[in-house]
Structure formats: structure tokens, C-alpha cells
Amino acid sequence: MTAATDFTIAGARAALARREISATELATAHLDAIAALNPRVNAYITVTPEVALAQAAAADAALSKGEAGPLTGIPLAVKDLFCTAGTRTTAASKILGDFKPPYESTVTSQLLRDGAVFLGKANLDEFAMGSSNESSAFGGVENPWKRQGDDAVLVPGGSSGGSAAAVAARLALGATATDTGGSIRQPAAFCGIVGIKPTYGRCSRFGIVAYASSLDQAGPVARTVEDCAILLNSMAGFDPKDSTSADRAVPDFAAAVARGVKGLRIGIPREYRVEGLSPEIDALWRKGMEWLKAEGATLVDISLPHTKYALPTYYIVAPAEASSNLARYDGVRFGIREEGADLKDLYERSRAAGFGAEVKRRILIGTYVLSAGYYDAYYVKAQQVRALIKRDFDQAWGQVDAILTPATPTAAFGRDETQDDPVAMYLNDVFTITANLAGIPGMSVPAGLDARGLPLGLQILGRPFDEETVFAVGGAIERVAGFTATPSVRAAA
Amino acid sequence: MSLDTATVRRVASLARLRVEEAELPRLEAELNGILGWIEQLQAVDTTGVEPMAGGGAEQLRLREDRVTDGGIQQQVLANAPDRADVFFSVPKVVE
Amino acid sequence: MSYTIEGSTGTWEVVIGLEVHAQVTSEAKLFSGAATTFGAEPNSQVSFIDAGFPGMLPVINGECVAQAVRTGLGLNAQVNLWSRFDRKNYFYADLPQGYQISQFAYPIIGTGQIEIQLADGSTKQIGITRLHLEQDAGKSLHDQHPTKSYIDLNRSGVALMEIVSEPDLRSPEEAGAYLTKLRQILRYLGTCDGNMEQGSLRADVNVSVRRPGEGFRTRCEVKNVNSIRFVMQAVEAEARRQVELWEGGEEVVQETRLFDTTRGVTRSMRSKEDAHDYRYFPDPDLPPLVIEQAWVDQLKAALPELPDARRARYVGDFGLTPYDAHVLTLEKETAAFYETVAKGRDPKVAANWLTGDFFAGLNRTGHSIGDSPVTAAHLGELLDLIADSTLSGKLAKEVLEVMFETGKAPGVVVEERGLKQVTDTGAIEAVIDQVMAANAGKVEEYRSGKDKLFGFFVGQTMKAMQGKGNPALVNELLKTKLG
Ligand SMILES: [Mg+2]
Ligand SMILES: [Zn+2]
């Protein structure tokens with residue numbers, strides 16, 4: 001029998017249904033693994049054994065009554081950006097202090113509705129701002145993967161680094177994550193797992209701590225494409241509490257995974273062959289093209305001419321929205337407070353003490369680009385370029401059904417190899433960020449290992465609200481790639 | 001466009017972030033690095049392009065005018081770092 | 001005729017524009033489902049959205065949009081089918097999100113126009129620049145603790161319409177008349193209750209002064225003035241302050257000021273000092289507000305009659321003087337009251353009674369038309385008793401007084417107090433005979449040509465009848481008897 005922590009979600013669901021394992025056993029196995037590994041991996045900020053065991057007991061009761069939902073008894077990690085009623089929610093920032101939301105995010109409440117068990121709150125970059133998980137006020141996360149013959153600690157990517165590392169290290173069967181510029185896909189690629197950012201508006205943002213509202217989108221990370229589909233089916237759906245939520249039916253994503261790619265036209269954007277792209281990643285990308293061709297897809301060369309402007313566009317739009325979204329952290333209604341001589345002093349001290357360096361940097365950039373005299377030159381200009389980036393994709397959809405690109409320009413890097421230069425760090429998101437700006441779905445699938453044994457991912461981009469094709473292409477790559485490698489740091493290893 | 005120290009100070013004040021004098025040179029250099037890099041956008045011809053505000057729904061859905069929320073005074077106040085009975089409390093504001 | 005200020009160096013003209021914040025009449029808030037009722041327990045009408053909690057998102061209340069459209073139509077203004085919400089960013093204790101959701105670049109209502117009535121009977125057209133929807137902030141209480149301010153977020157998120165006028169107003173009187181007219185239109189429409197004491201209507205007054213014929217000079221904004229009288233006083237005080245500055249060789253600096261109602265002066269507002277850079281940008285939580293022309297047409301068709309139309313009807317159809325028509329249409333309730341009284345009766349008589357003795361009665365007893373002890377139906381019945389000669393005009397005034405005190409119907413009052421007018425000629429003749437007998441000398445004088453004495457006999461007769469004699473009959477019979 002599979003070790004409890006090695007199940008896929010689909011596999012665990014079948015085993016639970018056959019009563020080969022109980023939800024309590026499944027939860028306990030994961031809680032034990034967390035107790036053993038989390039002090040090192042630091043994938044969880046908060047572990048909630050009481051919550052998990054109570055939910056598991058309820059799951060077992062439902063299973064015995066034959067009332068199981070799609071996720072009954074499935075142990076998950078929740079990115080600590082989702083508000084969870086009664087459980088401390090930090091956004092990996094000091095500023096929220098001991099904030100316990102009296103409400104549940106729509107996404108997590110849908111997972112709970114479907115029977116999921118929450119093991120705890122996963123680590124992330126502070127307020128989801130980062131690509132390495134090093135900006136967390138609760139310490140960095142260790143990537144469970146190691147380079148061959150090298151014990152150096154690698155970063156798991158970010159911002160959903162805790163979610164990705166937890167899933168890769170077998171500390172959860174799946175996890176919720178969010179993606180503003182690549183925060184699902186880049187850590188999924190770095191940790192050798194699957195992650196999908198659905199179309200903007202597919203998952204409700206209600207109850208998710210906002211970073212950049214027009215770009216933020218929730219999605220799952222899991223170890224298989226099918227598991228991601230199962231999770232997304234639960235997480236997605238129209239929510240009247242979010243004015244940007246799309247009022248559309250949620251298709252059966254899981255059914256699309258095995259659909260195949262025969263007859264699909266797959267776009268290969270020439271602008272993604274960027275400077276600094278690792279030769280191994282370039283080789284993997286070509287391999288992916290060959291696989292899809294062999295599976296019956298047609299490859300089409302396409303052009304997305306404004307791609308190179310995506311990063312600077314993002315670094316105007318996201319900080320601008322963040323500077324406003326983060327104004328509510330002022331030490332008055334929740335979170336930490338540093339007393340001051342007057343109200344302004346209180347605000348300035350509380351925010352200076354509560355926010356980390358990267359968050360402050362982005363708040364300052366965002367405040368500056370919105371300020372009088374600069375708004376048109378920066379913000380309006382960026383939103384115009386954003387419109388052009390979206391137009392590039394709109395035009396591509398006339399020729400192709402999905403687009404294949406690398407997920408990241410490099411494999412996971414070492415914790416001590418990260419550059420002090422913020423711009424160099426921002427380049428991590430060069431392939432993922434266009435999907436957020438255009439609002440389209442994107443998935444990262446592990447497709448191979450580099451020469452030093454680190455996982456590499458391929459990215460599939462799709463039309464708005466056509467996650468099904470993305471799942472179909474992702475499923476095909478997963479089957480052909482046959483990626484079975486596991487990280488050296490993991491439960492039951 | 002490049003930031004000087006006075007502008008960094010002003011922006012930090014607008015953003016209500018206390019910045020110590022000693023931090024200013026580093027911040028100024030970092031922000032200028034980022035802004036210099038962002039500058040490349042000016043090369044894009046955007047004449048006549050309608051700025052894109054966001055994704056998602058095309059237009060607002062109108063909610064019904066019914067009282068469905070509120071009446072949760074204690075929950076609203078529960079996380080406050082300083083409260084006085086049924087109020088949030090802050091240092092006295094002079095208008 | 002026009003208003004000017006005579007300074008030491010010459011004549012100054014005043015230029016005024018008003019930004020009025022009107023609370024939208026609705027059950028729930030603009031972006032949350034919390035209630036809007038006035039006077040609730042602090043922080044009891046607050047949702048997590050209104051308190052700016054992490055992850056909370058705004059969803060717009062359709063009725064607030066409808067109210068803005070109705071108001072726009074009432075201001076003869078352009079209704080924009082496409083508008084948008086922006087964030088106005090600034091930090092303040094009673095602004096939980098750190099920004100106000102407002103409509104900056106694309107308001108729902110564009111330019112319009114209203115006509116104001118001035119005391120000399122003249123009218124003037126005042127341009128409306130725009131109307132936009134926005135959230136109200138919470139309330140800071142500064143007098144509860146020596147070193148702390150207390151925050152009540154009940155108002156936070158309540159829908160406001162900000163109605164901006166063109167700088168078309170030229171005197172305190174015009175500013176007052178504009179606000180009066182605006183309030184009247186809002187109350188007719190039912191889109192704002194206009195209650196200034198409760199803060200449902202607040203005005204920011206923009207004032208500048210200039211030499212006649214000059215372009216605009218620097219203006220100052222006097223914030224949050226909460227009565228029509230104070231608006232007029234604030235204009236006067238601020239204009240005089242600016243004249244003194246200019247004449248003293250100083251500059252007026254553009255700034256936000258407060259009107260000190262006890263001292264009657266404006267003063268600079270410290271707390272708004274560095275809030276000048278609001279960093280407006282489109283709210284990414286809210287897609288554009290798109291409405292359909294068909295819906296606007298539907299709202300338009302259902303609009304109530306507005307004050308201008310009603311006033312014109314009173315003059316045209318009822319033959320009232322423009323002044324009476326103006327007074328009777330000032331308040332929607334007064335007009336409704338009047339129309340009930342006038343229905344099936346002489347509209348001019350009804351108007352005279354309403355603007356005369358009835359208003360005086362309200363004043364004397366400290367009532368408003370809303371809680372008047374004399375109902376419109378009762379006042380109508382009183383007019384009927386005059387028309388059928390049951391009561392003389394003088395008696396009717398007495399009856400009305402009793403009605404104000406007791407709230408009883410006029411018929412009941414007449415019955416209880418025996419105030420019925422005497423129209424029996426025999427009874428009147430008997431009294432006249434007694435009066436003539438008792439004043440034989442005066443009768444002689446009258447008959448020998450002293451006509452003036454007629455009034456004396458009327459008075460004596462009415463006195464003997466305790467005022468209940470029908471005046472016309474008394475006159476007629478006296479003339480016959482005295483010869
Ligand atoms: Mg104003
Ligand atoms: Zn306003």
C-alpha cells in the first residue's frame with residue numbers, strides 16, 4: 001500500500017472510499033510528518049492539529065454514512081493569505097500580529113464544504129511579494145529538493161513557496177496558493193509539482209488578503225495535473241461577494257485532463273526565447289514541443305511582441321495597487337500598533353515596524369508612481385502597455401488553442417545566491433507575469449530535471465476561461481514526460 | 001525621472017512609513033534602480049490605446065438594497081489593539 | 001443691487017461654488033449590507049467591509065445607483081451610462097481602508113442646471129458641474145477622552161452623492177438659495193432626507209474674491225458646513241478675510257478651512273495639511289458601472305413632480321401669487337398638505353389660510369407640518385364651515401386656535417364651545433333693538449348725520465352676541481333699523 005503521505009488526491013479519495021485508510025489516519029500521518037520536517041522546511045507558519053483532527057473525524061463520520069463530498073478527508077495546506085475563521089492569518093507579515101479573522105475566505109469555505117481537512121497555514125513571501133519566500137517574517141522556506149551532491153539550501157520559489165514545499169515534501173496532498181505574477185507557477189516549477197493559476201475571476205478573491213487586486217488569483221498546487229483539477233473544481237465558482245468574480249459555470253476540469261491534444265494548435269512565442277535562458281530549459285522546452293507534436297498537436301510559431309515590457313508593467317501596476325491595498329494596516333482596528341506622539345507618528349511607526357523591506361519598497365514605488373505629476377507617465381502608461389500585452393494574446397488565440405513556454409528562466413537557486421538587486425530578483429517571473437497582466441490561465445507542469453537533478457517546469461497558457469484545454473495539454477505533458485523524481489527531503493523517505 | 005532624497009522622504013510620508021535618515025541613501029538607490037528599469041516602457045508607442053484597468057467581469061453587478069450585514073459590534077472590535085468600550089481608540093486628532 | 005464688499009481700496013466681488021455631500025436614502029450601505037439608520041449604538045452598523053478588514057471586497061448597492069440617477073434627472077443633468085469608481089488615497093482615523101471609494105475621472109452624472117429663487121422675486125440659473133457617488137467616512141469623537149479620539153464606523157461606507165456646482169454664486173444669499181433649492185429637490189425626489197442636523201447634507205464652500213471684471217483669484221474651501229445659515233455666514237466671513245489679505249498686500253493661499261460657528265470666523269484645518277496628493281486610480285475591485293438607457297428612462301418616468309413644475313402649476317392653474325406658490329412648494333410635505341386642503345375648495349382661500357393663520361399656529365405651538373395637530377382634512381373642514389356661513393372669519397380663527405390646542409375636528413370645536421354663527425334675522429333684530437334702546441342719544445346723533453357712529457352700533461351688537469352674529473346680516477339689519 002502507498003504510504004499515507006505519498007497518495008495523490010485522487011488515490012487518497014479512492015482509498016478513503018474503499019475504507020483502506022481513515023481520514024483520521026491520513027491526517028495523523030501528515031501531522032506527524034509536519035512535526036518531524038516542518039522545523040527544518042518551515043513550510044507552515046501555523047499548524048492546526050486540533051482543527052485537522054476534528055475535520056478528519058467529521059470526514060470519517062461522513063464517509064461511514066456514505067455522505068462523502070469530493071474532498072472528504074483530503075488533508076491540505078492553506079496559504080496563509082487566505083483568511084480562515086478562528087485561525088491566525090498572517091500574510092507572513094508581522095503587521096497582522098495575532099489577527100484571527102472572524103470570517104472564512106470563499107475559496108477555503110468551498111474546500112471545507114467539500115470535506116477537506118486543513119493541516120495549517122502555509123508560509124509565503126510577505127503579502128505575497130516575492131519569488132523566493134525569503135521575505136516572510138516567519139523565516140524562509142527550504143526547498144525539499146537538493147542539487148546532486150550538494151546540501152545547500154535552495155529556495156522554493158515564491159510567493160506560494162510554503163504551499164509548494166509542503167506538497168513536494170509530502171506534508172500535504174495539495175494546497176491553496178495565489179498567483180499575482182507567477183506565485184503559483186514559479187514555486188511549483190522550483191518544487192517539481194503542478195500548479196495552475198486559473199483565469200482572473202474564476203476563483204473568488206473574497207477573504208484573500210489583497211496584494212494587487214487586478215492581478216491576484218487563487219489556484220491550487222498538487223502533485224498531479226488531475227489533483228489540481230480536482231482542487232480547482234472545488235475552489236472555483238461565481239461569488240456575489242466579489243465584484244470581479246465571473247458569473248460562469250465551472251466545467252469538469254478533471255474530465256479534461258485525459259482529453260489529449262490531438263488536433264490542438266500549440267503556439268510557441270518567439271519572444272520567450274529571452275536572454276539568460278538556461279540552455280537546459282531551452283532544451284526542455286524543445287522536448288515539450290516534440291512531445292506535443294508526437295501526441296497529435298500542431299506547433300505554430302507566434303509572436304507576442306510586447307512580452308518584454310511585461311515585467312516593468314507589472315512593477316508599476318502591482319506596487320500601485322499594493323500601496324493602496326496595504327493602507328488598511330495602520331494599527332487601529334487589527335494588527336500590531338507602535339504608539340506614537342500623534343496619529344501620524346503612530347501610523348508611521350506601526351507600519352515601519354510591521355512591514356518588511358520588500359513590502360516597504362513596493363509601497364514606496366507604488367505611492368510614487370501614483371503621486372501627482374507621475375500618474376500618467378507611469379500608471380496610465382503601464383495600463384496602456386498592459387492592454388497591448390492582452391491584445392497580443394487576443395490576436396494569438398486566432399491562430400492557436402494554447403501556448404507552450406518554459407515556466408521559469410532557471411531552476412531553483414540557493415538561498416545565499418539571491419541577488420541584492422531587486423530587479424534581478426524580479427526577472428524570475430519573466431515567463432509567468434504576462435498571464436496575470438492579460439488575465440489568462442496558466443499552468444506549470446514538472447517535465448524534467450536539470451543536470452544537477454533539480455526539477456524544471458513547462459508552462460501552458462490558455463484562452464480566458466478555457467482552463468480545460470490547459471488541463472488537457474498539461475495532462476498530456478505529464479503522461480509523456482513521466483516525471484517521477486522525488487525530492488530528497490520528504491516524509492516517509 | 002530620478003528620485004532625490006527629499007522626494008523619498010515625501011513619498012514615505014505619504015505612505016505613512018517611518019524611514020530613518022540612515023536608511024534614505026540605500027532606499028533612494030534601490031528605488032532609482034527600479035524606476036530606471038521601468039523607464040523602458042516609455043519606448044512603447046501607446047498612442048490611442050485605452051488603458052486596461054483590470055480583468056474579470058465587464059461591468060458591475062448591482063446588489064439588492066437589503067440589510068444583510070452589520071450587527072457584529074464585538075467581532076468588529078475584537079482584534080483592535082486599543083479600544084475604549086464600543087469605540088476604536090487613537091491618539092487625539094486635532095482638526 | 002448685486003452683492004459686493006467695499007474694501008479700503010475699492011469694491012470686491014465674491015465668487016462661490018458649493019460641493020454638497022448628500023447622504024443617499026437607502027436601507028443598506030453603498031458597498032456593504034450594513035444598515036444606514038441614524039443614531040445607532042456605535043460600531044453596531046459596521047460590516048468587515050466597512051471596517052477595512054483584510055480580504056474584504058466591495059459590492060455595489062443598485063438602489064444607491066438608482067438614487068443618483070434620479071437626482072441627476074432632477075438636476076436636469078446628463079446621466080452617464082458608463083462611469084467608474086476610483087480610490088482616493090489618504091490616511092485618516094475614520095477612513096478604515098486608507099482610501100475612499102469615489103468617482104473621480106468618470107462620474108455617473110455630468111453637467112446640469114437648477115434655478116434658484118431670490119428674495120426680490122428674481123431667479124438665477126446655477127450650473128451643476130457633476131454628481132458622483134462615494135463612500136462616507138466614519139466619525140471621530142474628540143471630546144470623550146483628554147488625549148484620545150474615539151472612532152465610530154457606523155457611517156463608514158454609507159452612500160453619499162457629492163454634488164458640485166459651478167462657481168456661479170455671487171453672494172451669501174445666492175449660496176443660501178442654492179442650498180435651499182438643492183435640498184428641496186432632493187427631498188422631493190426622496191433621494192436624500194436633507195436633514196442637516198444629522199449630517200445628511202453637508203456643504204463644502206469654495207470662496208474667492210475678485211475685482212469686478214477680473215478672472216478668478218485663489219479660492220479656499222470651507223469644509224463641512226452643516227446649516228444653510230452657517231453657509232451664508234461662512235461665505236461672508238471668508239470673503240472678508242480674503243479681502244483683508246489682498247488689501248494688506250498678502251496672498252490668499254489655497255487651503256482647506258473650517259467655519260467656527262461660535263466665533264463666526266474661518267480657520268485653517270491642520271489635519272488636512274499634507275493630504276493634498278490623493279493618488280487617485282481606478283479601484284481594481286470594481287469593474288465599470290454600466291447602466292442602460294432603458295433603465296434611466298424607466299426611472300425618469302417614475303419621478304415625482306418637482307418643485308419648479310409644481311410652483312408653475314400653482315400659479316397657472318390655481319391663480320396663486322408666485323410668492324405663495326414658492327412658499328407652499330418649499331417643502332414637499334407642505335405642498336402635499338396644501339393640495340389636500342385645496343382639493344374641491346377655492347385654492348386661493350386655502351393658500352391664504354395655510355400661509356397665514358395655519359403657519360402662525362404651527363409657529364406658536366412649536367410644531368412642524370409633519371406633526372401638526374391640525375390635519376389637512378380638518379383644516380379643509382374649517383374652510384367648509386366658513387363657506388357655508390357656519391363660521392365668520394373671525395370665529396374661524398378662534399376655532400383654529402382651539403384645534404391647535406386640542407387636535408379636534410372643527411365641527412366638534414364649534415359644537416362644544418357653541419361658537420356657531422347666528423344667522424337668524426329675528427334673533428339679530430332683537431339684539432339690535434336692545435342696543436338702540438340703551439343708546440337712544442347716539443341713535444339721534446346718527447340720524448342727524450353722524451354716519452361715523454355706524455361702526456359703534458356694529459361693535460355693540462356683536463359684543464352683545466359674543467361675536468357670533470353673522471357680520472353681513474348684522475350690517476344689513478342695522479342699516480335698515482337705524483334708517
Ligand atoms: Mg470637497
Ligand atoms: Zn466627497
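Each chain has its residues counted from 1, running along the sequence as written. By the order in which they are written, chains take letters starting at A while ligands take numbers starting at 1. Only residues with pLDDT of at least 70 are given local features in this predicted model, and only at 80 or more are side-chain atom pairs given and counted; all residues enter the totals for whole chains, interfaces and linings. The basis for every side-chain value is the complete set of heavy atoms in the structure, and neither hydrogens nor water enter the calculation.

An unreviewed UniProt entry annotates chain C as Aspartyl/glutamyl-tRNA(Asn/Gln) amidotransferase subunit B originating from Teichococcus deserti. Check the Sequence similarities (unreviewed entry) section of the UniProt entry for chain C; it says "Belongs to the GatB/GatE family. GatB subfamily." Quoted verbatim from the Subunit (unreviewed entry) heading of the UniProt record, the comment on chain C is "Heterotrimer of A, B and C subunits." UniProt positions are given in the numbering used here, feature names are shortened, and annotations may be inferred rather than shown by experiment.

Per an unreviewed UniProt entry, chain A goes by Glutamyl-tRNA(Gln) amidotransferase subunit A and derives from Teichococcus deserti. The Function (unreviewed entry) field of the UniProt record for chain A holds the comment "Allows the formation of correctly charged Gln-tRNA(Gln) through the transamidation of misacylated Glu-tRNA(Gln) in organisms which lack glutaminyl-tRNA synthetase. The reaction takes place in the presence of glutamine and ATP through an activated gamma-phospho-Glu-tRNA(Gln)." Regarding chain A, the UniProt comment filed under Catalytic activity (unreviewed entry) reads as follows: "L-glutamyl-tRNA(Gln) + L-glutamine + ATP + H2O = L-glutaminyl-tRNA(Gln) + L-glutamate + ADP + phosphate + H(+)".

Per the convention used, a helix needs a DSSP run of H or I reaching at least four residues, while a strand needs a run of E reaching at least two, with both numbered from the N terminus. Scanning chain C from N- to C-terminus turns up 15 helices and 16 strands. Note on method: radius of gyration uses C-alpha positions; expected globular size equals 2.2 Å times residues raised to 0.38. In terms of overall size, chain C is more extended than a compact globule, its C-alpha atoms giving a radius of gyration of 30 Å where 483 residues would be expected to give roughly 23 Å. Over its C-alpha atoms, taken along the principal directions, chain C stretches across nearly 95 × 55 × 50 Å. With 483 residues in all, chain C has 56% of them scored as buried. The criterion used for residue contact is that any of the two residues' heavy atoms lie within 4.5 Å. Within chain C, residue pairs in contact and separated by at least 24 positions form 69% of the contacts whose partners lie at least 6 positions apart. Here chain C displays about 20100 Å² of accessible surface, and carbon together with sulfur accounts for 50% of that area. Using a 1.4 Å probe on the protein chains alone, a residue whose accessible area is under 20% of its type maximum counts as buried, one over 50% counts as exposed, and one in between counts as partly exposed. Using the Shrake-Rupley algorithm and a 1.4 Å probe, accessible areas are obtained, with residue cover drawn only from the displayed protein chains.

As a further point, take the interface of chain A and chain B. Each side of the interface is counted separately: chain A has 66 residues, and chain B has 50 residues. When two parts are brought into contact, each loses some accessible area as probed by a 1.4 Å sphere; the total of that loss over both is the buried area. Taken over both partners, the interface formed by chain A and chain B buries close to 5100 Å², and the fraction arising from carbon and sulfur atoms is 69%. Salt bridges are counted wherever a side-chain nitrogen of Lys or Arg sits within 4 Å of a carboxyl oxygen of Asp or Glu. Along the contact surface separating chain A from chain B lie 3 salt bridges. Identification of polar contacts relies on pairs of N or O atoms within 3.5 Å, with a donor-acceptor requirement for protein atoms, meaning one able to donate a hydrogen and the other able to accept it, and with residues adjacent in sequence counted only if both atoms are side-chain atoms. One can count 17 residue pairs in polar contact (both at pLDDT 80 or more) joining chain A with chain B. Those elements that place two or more of their residues in the side of chain A that touches chain B are α10 (310–325), α11 (343–354), α12 (357–370), α13 (375–396), α14 (422–426) and α15 (433–438) of chain A. Grouping the constituent residues of the side of chain A that touches chain B by class yields 34 nonpolar, 12 polar and 20 charged. Only Asp, Glu, Lys and Arg are considered charged in this grouping, and only Ala, Val, Leu, Ile, Met, Phe, Trp, Tyr, Cys and Pro are considered nonpolar; every other residue, Gly among them, is considered polar.

To continue, consider the coordination of the zinc ion (ligand 2). Residues and elements named next belong to chain C. Because water is not among the atoms used, a metal site may look incomplete, as its donors are only the N, O and S atoms within 2.8 Å, or 3.2 Å for Na, K and Ca. Within the protein, the zinc ion (ligand 2) binds to His-21 (NE2), Glu-134 (OE) and Glu-162 (OE); these donor distances fall in the range 1.9 to 2.0 Å. In primary sequence terms, the donor set of the zinc ion (ligand 2) follows H-x112-E-x27-E. The magnesium ion (ligand 1) is placed at 5.1 Å from the zinc ion (ligand 2). Of the two residues, His-21 is situated in strand β2 (residues 10–23) and Glu-162 in strand β10 (residues 159–165); the sequence distance between them amounts to 141 residues. The same class applies to His-21 and to Glu-162, which are both buried.

What follows is about the domain arrangement of chain C. Residue ranges labeled as domains rest on an automatic or database domain assignment. Per the domain assignment, the segments of chain C are domain 1 (4–296), domain 2 (305–417) and domain 3 (425–482). Distance between the C-alpha centres of domain 2 of chain C and domain 3 of chain C: 33 Å.

Time to look at the pattern of salt bridges. Summed over all chains, the structure comprises 67 salt bridges over all chains. Here Asp-345 of chain A ties to Arg-18 of chain B by a salt bridge, and the two come within 3.8 Å at their closest N and O atoms. With Asp-345 of chain A in helix α11 and Arg-18 of chain B in the loop between α1 (5–14) and α2 (24–38), the pair connects residues from two separate chains. Measuring nitrogen to oxygen at the nearest pair gives 3.1 Å for the salt bridge that ties Glu-30 of chain B to Arg-26 of chain B. Taken as a pair, Glu-30 of chain B and Arg-26 of chain B lie in helix α2 at a separation of 4 residues, close to a single helical turn. Accessibility expressed as a relative area gives 15% for Glu-30 of chain B, which makes it buried. One salt-bridge network, held together by shared partners, links Glu-358, Arg-361 and Arg-362 of chain A together with Glu-23, Arg-26 and Glu-30 of chain B.

Before going further, it helps to examine the environment of Lys-381 of chain A. Topologically, Lys-381 of chain A is positioned in helix α13. Take Lys-381 of chain A: its relative accessible area is 10%, and that puts it in the buried class. Along the backbone, Lys-381 of chain A and Phe-138 of chain A are 243 residues apart, and their C-alpha atoms lie at a distance of 36 Å. With sequence-adjacent residues up to four places away left out, Lys-381 of chain A is seen in contact with Asp-376 of chain A together with Leu-41, Gln-42, Val-44 and Thr-46 of chain B.

This next bit is on the sheet that holds strand β7 (residues 265–269) of chain A. All names here are of chain A. Criterion used throughout: strands pair if DSSP finds at least two bridges between them. The strand order across the open sheet built from 11 strands is β1-β3-β2-β4-β6-β5-β10-β11-β9-β7-β8, with neighbouring strands paired in mixed fashion. The sheet is open, and its two edges are formed by β1 (44–47) and β8 (298–302), each paired on a single side. Neighbour to neighbour, the strand axes of the sheet diverge by 30° on average, direction disregarded. The sheet contact formed by β1 and strand β3 (residues 117–122) spans 3 bridges and is antiparallel. Bridging from a neighbouring strand, Thr-46 pairs with Lys-121 of β3. Across the sheet, helix α3 (residues 49–64) touches β1 and β3, and the angle it forms with β3 is around 160°. To get an axis, fit a line to the C-alpha atoms, keeping to the stretch in contact for a helix; angles then go from 0 to 180 degrees between the N-to-C directions. Docked against the sheet, helix α16 (residues 467–481) engages β5 (194–197), β7, β9 (402–406), β10 (442–449) and β11 (455–462), running at close to 5° with respect to β10.

Let's shift gears to the pairing of strand β4 (residues 174–179) of chain A. All names here are of chain A. Across the 6 residues of β4, 6 count as buried, placing the element largely inside the fold. By the alternation rule, side chains of β4 split into Gly-174, Thr-176 and Thr-178 and Ala-175, Ala-177 and Asp-179, which are all buried. As judged from the 2 bridges shared by strand β2 (residues 75–79) and β4, these two strands associate in the parallel manner. Of the residues in β4, the one forming a bridge with Ala-77 is Ala-175.

With antiparallel pairing, 4 strands are arranged side by side in an open sheet as β1(B)-β2(B)-β9(C)-β8(C). Each edge of the sheet is formed by a strand with only one pairing partner; in this case those strands are β1 (83–84) of chain B together with β8 (139–141) of chain C. Sheet topology places β1 of chain B next to strand β2 (residues 87–91) of chain B; 2 bridges connect them, and they run antiparallel. Pairing of Arg-83 of chain B across the sheet is with Phe-88 of chain B, part of β2 of chain B.

A separate point is the packing of aromatic side chains. Aromatic rings from Phe, Tyr and Trp, taking only the six-membered ring of Trp, are treated as a pair when their centres fall within 6.5 Å; an angle between ring planes under 30 degrees marks them as stacked, one over 60 as edge-to-face, and anything in between as tilted. One pass over the full model with this rule turns up 41 aromatic pairs over all chains. Ring plane angle 25° and centroid distance 6.2 Å describe the contact between Phe-393 of chain A and Trp-397 of chain A, whose orientation is recorded as stacked. Ring centres of Phe-104 of chain C and Tyr-280 of chain C lie 3.6 Å apart, and the angle between their planes is 5°; on these two criteria the pair is classed as stacked. You can see Phe-104 of chain C sitting in the loop between β5 (99–102) and β6 (112–117) and its partner Tyr-280 of chain C sitting in the loop between β14 (265–268) and β15 (281–282), a full 176 residues away along the chain. Taking the relative accessible area as the measure of exposure, Tyr-280 of chain C reaches 19% and is therefore buried. Each member of the aromatic cluster is reached from another via a ring pair, and the members are Phe-99, Tyr-103, Phe-127, Tyr-329, Phe-334 and Phe-355 of chain A together with Phe-48 and Phe-53 of chain C. By definition here, charges over rings are those cases where NZ of Lys or CZ of Arg is within 6 Å of the ring centre and within 35 degrees of the ring normal. Positioned over the ring face of Tyr-99 of chain C is Arg-87 of chain C, at 4.1 Å from the centre of the ring. Note that Arg-211 of chain C overlies the ring of Trp-12 of chain C, its terminal NZ or CZ placed 3.9 Å from the centroid.

In this section: unusual backbone geometry. All names here are of chain A. With omega at 5°, the peptide bond leading from Gly-158 into Ser-159 counts as cis. Following the sequence through the fold, Ser-159 ends up in the loop between β3 and α5 (161–168). Residues other than glycine seldom take positive phi values, yet Arg-19 does so here, at roughly 60°. Position of Arg-19 relative to the elements: it lies in the loop between α1 (9–17) and α2 (23–41). Here the phi dihedral of Phe-465 falls at roughly 65°; this positive angle occurs in a residue that is not glycine. Position of Phe-465 relative to the elements: it lies in the loop between β11 and α16.

Quite often, the size of an interface is put as the accessible area lost when its parts meet. Across the contact, 37 residues belong to chain A and 30 residues belong to chain C. Interface of chain A and chain C: buried area, both sides summed, is about 2800 Å²; carbon and sulfur atoms make up 61% of it. Summed over the shared surface of chain A and chain C, the result is 1 salt bridge. For the pair chain A and chain C, the number of links is 16 residue pairs in polar contact (both at pLDDT 80 or more).

This part takes up the nonpolar core. Nine residue types can take part in a nonpolar core, namely buried Ala, Val, Leu, Ile, Met, Phe, Trp, Tyr and Cys, and a core is a set of them joined through side-chain atoms within 4.5 Å. The biggest cluster of nonpolar side chains holds 220 residues, and the ones touching the most others in it are Phe-127, Phe-393, Leu-404, Phe-471 and Ile-477 of chain A. Leaving out residues up to four positions away in the same chain, Phe-127 of chain A has contacts with Leu-81, Ala-91, Ser-93, Ile-95, Val-209, Tyr-211, Leu-326, Tyr-329, Phe-355 and Val-359 of chain A. One finds Val-24, Leu-30, Leu-131 and Ala-376 of chain C within the second-largest nonpolar core, a separate group that totals 106 residues.

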